[in-house]
Every structure is written in structure tokens, then in C-alpha cells.
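Take a look at the letters that make up each chain.
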Amino acid sequence: MGGRSLGRGFRWLWTSYAISAAGTWLALDAFPMIAILVLDVGPAQVSLLASVGLAVGAVVAVPLGPWVEFRRKRPVMIAMDLLRFAALLSVPAAFALGWLTFGHLLVVSVIVAAAGIAFRAASGACLKALVPRADLLVANGRFESTTWTTTLLGPPLGGAAIGLLGPVATVVADAVSHLLSAGAVRAIGGTEQPPARAGAKRFRAGDLLEGWRYILTHPVLRPLFLHTVMVRGLILATSPLLVVLMLGDLGFAPWQYGLALGVPCVGGLIGSRLAHRLAARSGRRKVMLTAGTLRACWPLGLAFVGPGAMGLALVIAVQFGLILCIGVFNPIYATYRLDQTPNDRVARTLSAWSVTDNAAVAALTALWGVLAGLTGPRAAIAIAGVLMLATPLLLPWKDHAPRPEPELAGAPASSGTP
């Protein structure tokens, strides 16, 4: 997987992704830290900051799917990167001038969330145009490997930067990463023709729902959509509860929690490297179904974490197994999704998927916060783990071959694409 060349255009797209991912993980939890350390807000406002940005950003992004679909994708990606750069840079600027407020952080979190959804929708369509269909799994495997590398290295480096330079240092790094990402997208080169639109030339209200309409009427994408949204929502909804359980109830030190967060990311690197080989040996669909089933078995183990070294080892083992399965599943599922989506619906489909993902995470995070208040964090984690065991039932167990489609009309030219 590592040695195959996918062309100059893909290399720059991959560079853009890597730079942006590095900035995002460096700045992990930067806004909550700023809210606590600089603005002296309470837990309720921190939770509000985490959930409102996702939820409102998802709502704002609803019309962006059809808007992205019928425009050249690379200019959209550059515009979204520059928008995130400007929004994030306003935080350290306001901090330096003494103007920073909690409302400012909320607005920036909404802008960043909405722009991120539009960027991912455009980049998915761009990837499908730049890379031959046979190489999509290799490309998605490289993205997944990059994700887990930055996840492993970013938070520790970000924490060190905050300790040395202050709470807004990583926000500056995140802002600059989007500026550099825009430059990498610009460097893809070649020409990109505007996508042709059949039928009406003007925006229609029905375009807003086209992504969901296509997903929910598709025999493969519908179960895959429900499965991935539920799994991601349950995993992220219980993440804050694991922090409370480990640092509060069980008395682990912050460095131990950081160790439990970082070490299992090696599983993601291993899984992303194995995905292409396993798919070549056993078939993409079989590997996707197996990895999707196995990853549902791990989260329940977090409900049995105890204090001390054995408890820490259990967290690391459970998280490693979960992330290993995710590392195998994600690039295959992302490729499967692109295979099943016609070129003229990619941006709307990916946008609808991301909007629903973000909304589900926000809703489930708020719901599990209430549940933990009633039952305690351990019981809430256990309930989520039991529900996770049912998620494999939502996988597309019936076999549907990907729909063949012609090459993308007006695809961006890439001098190095095979």
C-alpha cells in the first residue's frame, strides 16, 4: 500500500489532509481549555460548547451539500480552508486584545464545523475524480493511516504547547494548518471543469434533501449509514464519561489517561495498513462486515474498568482492539460508499452523511450526559456498550454489487494520475 504511486494530484490532496489533520489534533480540546482557563466557565458551558458547535454547524451545513455538488470542488475546498483559517485566527486575536468571550468561541465552533462538512463533501468528490476506482481503497487506507498517526502524536504535542506557550497556542497552529492545506489543494494543478447539471440550472428546494433521499432509498447505503452513524455517536457520546470515570471516580492521573488515549492509536495504524491486504485476500465486503461486527464487541469492556495498573491495562487493551477494527473498517467502508454513489451525487451524499453524523453525536452526547447524571458514568457506559452489540444488525448483509458508472465528465486533470 505504501509504495504504489497514485499520482501528483493525489499526493497534494493527501498532503492537504495530513496538514489539516495535524492541526486539528494539536488543537484537540483547545476550546474547552480556553473556556475553563481563560473565561472561567463551568461544566455546563463547556458541554454546551462541545455540543452546540456540532449541532448548529450541522444545520448550517444542510444547504452546502447541493451548493458544493454543482461547483468545482477544489475552489470550494480552498474557500472552506480559508474560512476556517480566518475564524480560528480570530480567537487568538481577540484574546490578545482582551475581547474574547464565550459567545465568540461558540460562533467560531459553528463556523469551523459547517466549513468542515463542506470541505469533506468536496474532497470526497475530488478524490473520486483524481484516483482510479481500483485504487480508491489504497487512497482511503492512506488517509486512515494519517488520521491515526496525527491522533497518536497530536494531543501530547498540543498539551506540551499549551503548557509552554499558553492556551491559544494550538489554535494558532490549527489556523495555520488550514492555510497550508489550502495551498496544498491549490498545488494539485491541472484543470477542473464545472460539473454539468442535468435539468434545472437554478437551485431547487428539493436539492437540500437529495443526499438523504439517495442514501435512504439505496439498499446498501441505508443500512451502512444507520450503522456508522449509531456506532460513531455511541463511541463519542461515552468519551466524556470515560474521562469522568478515570480521572474522577477511579483516581487515575492525567498522564495515565493520556497514555490510555494515545497508545491504542497504534491499532489504527496497523488496521489501516492491513485493510487493503485483507480486502485483496478475502474480499472487501466480507472484511467490512467482519470488522464492523468485531468493533461492536469492545466498548462494553470499558464498563468493567477498575483502579490501578490492571484497570489502565484493560482500558488500553479494549481501546486498542476497538481502534484496530476501526482502522480496518473505515477505509473499506469509505471506498464502498464512493463505489455505490454516482459521481453527480457524491458531494450531496457525503454532506448529508456528515450532517447526520454531527447531529447524532451532539444529541447522543447530551443524552448520555443526562443518563450519566441519573445512573453514574459506569452504568451509562455499560448501556452504550450493550446497544453497540446490536449495531452489526444494521450492516448491509445482503449482497449488492457496486453500480458501474462512466468516468467523471470534466474530471480534474492530474499529470501524475495513472
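Residues numbered from 1 in each chain as written. Predicted model: local features only at pLDDT ≥ 70, side-chain atom pairs only at ≥ 80, totals over all residues. Heavy atoms only, no water.

A. Region of the structure containing the overall build of the protein chain. When helices and strands are tallied, the protein chain shows 16 helices and zero strands. Every one of the 418 residues in the protein chain was classed for burial, and the buried ones make up 50%. Sequence separation of 24 or more characterises 88% of the internal contacts of the protein chain that already satisfy a separation of 6 or more. Summed over its atoms, the accessible surface of the protein chain is roughly 18,000 Å², and 70% of this surface lies on carbon and sulfur atoms. (Helix = DSSP H or I, 4+ residues; strand = E, 2+ residues; numbered from the N terminus. Buried < 20%, exposed > 50% of the residue type's maximum accessible area, 1.4 Å probe, protein only. Contact = heavy atoms within 4.5 Å. Areas by Shrake-Rupley, 256 points an atom, 1.4 Å probe, with all protein chains shown as cover.)

B. Highlighting the packing of aromatic side chains. One pass over the structure, following the stated rule, counts six aromatic pairs. Judged by centre distance (4.8 Å) and plane angle (55 degrees), the rings of Tyr 17 and Phe 143 are tilted. Residue Tyr 17 is found in helix 1 (residues 8–26), and its partner Phe 143 is found in helix 7 (residues 136–165); the two are separated by 126 residues along the sequence. When its relative accessible area of 30% is taken as the criterion, Tyr 17 is described as partly exposed. (Phe/Tyr/Trp six-rings, centres within 6.5 Å; stacked < 30°, edge-to-face > 60°.)

C. Inspection of the environment of Gly 7 at higher detail. Here Gly 7 is to be found in the segment before helix 1. On the accessibility criterion, Gly 7 (0% relative accessible area) is buried. Taking C-alpha positions, Gly 7 is 8.3 Å from Leu 130, a pair spaced 123 residues apart along the chain.

D. Up close: the pattern of salt bridges. Within this structure, the stated rule accounts for five salt bridges. We note a salt bridge from Arg 213 to Glu 210, for which the minimum N-O separation is 2.8 Å. In this pair, Arg 213 and Glu 210 are both assigned in helix 9 (residues 210–217), three residues apart and thus about one turn of the helix distant. A relative accessible area of 14% places Glu 210 in the buried class. Where Asp 339 meets Arg 284, a salt bridge forms, and the shortest distance between an N and an O atom there is 3.4 Å. Note that Asp 339 is positioned in helix 14 (residues 308–339) and Arg 284 in helix 13 (residues 284–295), a separation of 55 residues in sequence. Judged by relative accessible area, which is 26%, Arg 284 ranks as partly exposed. One network of salt bridges, in which partners are shared, links Arg 133, Arg 284 and Asp 339. (Salt bridge = Lys/Arg side-chain N within 4 Å of Asp/Glu carboxyl O.)

E. Structural detail: helix 15 (residues 346–375). In a regular helix each residue adds 1.5 Å, so 30 residues correspond to 44 Å; helix 15 covers 42 Å between its end C-alpha atoms and thus fits that length. Backbone geometry just after helix 15 places Gly 376 at a positive phi near 95 degrees. (Expected span 1.5 Å × (residues − 1).)

F. Broad picture of the side chain of Thr 391. Counting through the fold element by element, Thr 391 comes out in the segment after helix 16 (377–388). The class for Thr 391 is buried, based on a relative accessible area of 2%. In contact with Thr 391, other than residues within four places in its own chain, are His 227, Met 230, Val 231 and Ala 296.

G. Representation of the packing of helix 1 against helix 8 (residues 169–186) within the structure. Running from N to C, helix 1 and helix 8 cross one another at 175 degrees; their axes reach a closest spacing of 8 Å. Here helix 1 lies roughly antiparallel to helix 8, going by the angle between them. The residues of helix 8 that touch helix 1, namely those facing Trp 12, Thr 15, Ser 16, Ile 19, Ser 20, Gly 23, Thr 24 and Leu 26, are Thr 170, Ala 173, Asp 174, Ser 177, His 178, Leu 180, Ser 181, Ala 184 and Val 185. When the residues that make up the contact of helix 1 with helix 8 are grouped by side-chain class, the tally is seven nonpolar, nine polar and one charged. (Axes fitted to C-alpha atoms, helices over the stretch in contact; angles between N-to-C directions. Parallel < 35°, antiparallel > 145°, perpendicular 65-115°, else oblique. Nonpolar A, V, L, I, M, F, W, Y, C, P; charged D, E, K, R; others polar.)

H. Region of the structure containing the environment of Gly 103. Among the secondary structure elements, Gly 103 is positioned in helix 6 (residues 102–130). Note on Gly 103: relative accessible area 38%, which makes it partly exposed. Separated by 54 residues in sequence, Gly 103 and Leu 49 place their C-alpha atoms 9.3 Å apart.

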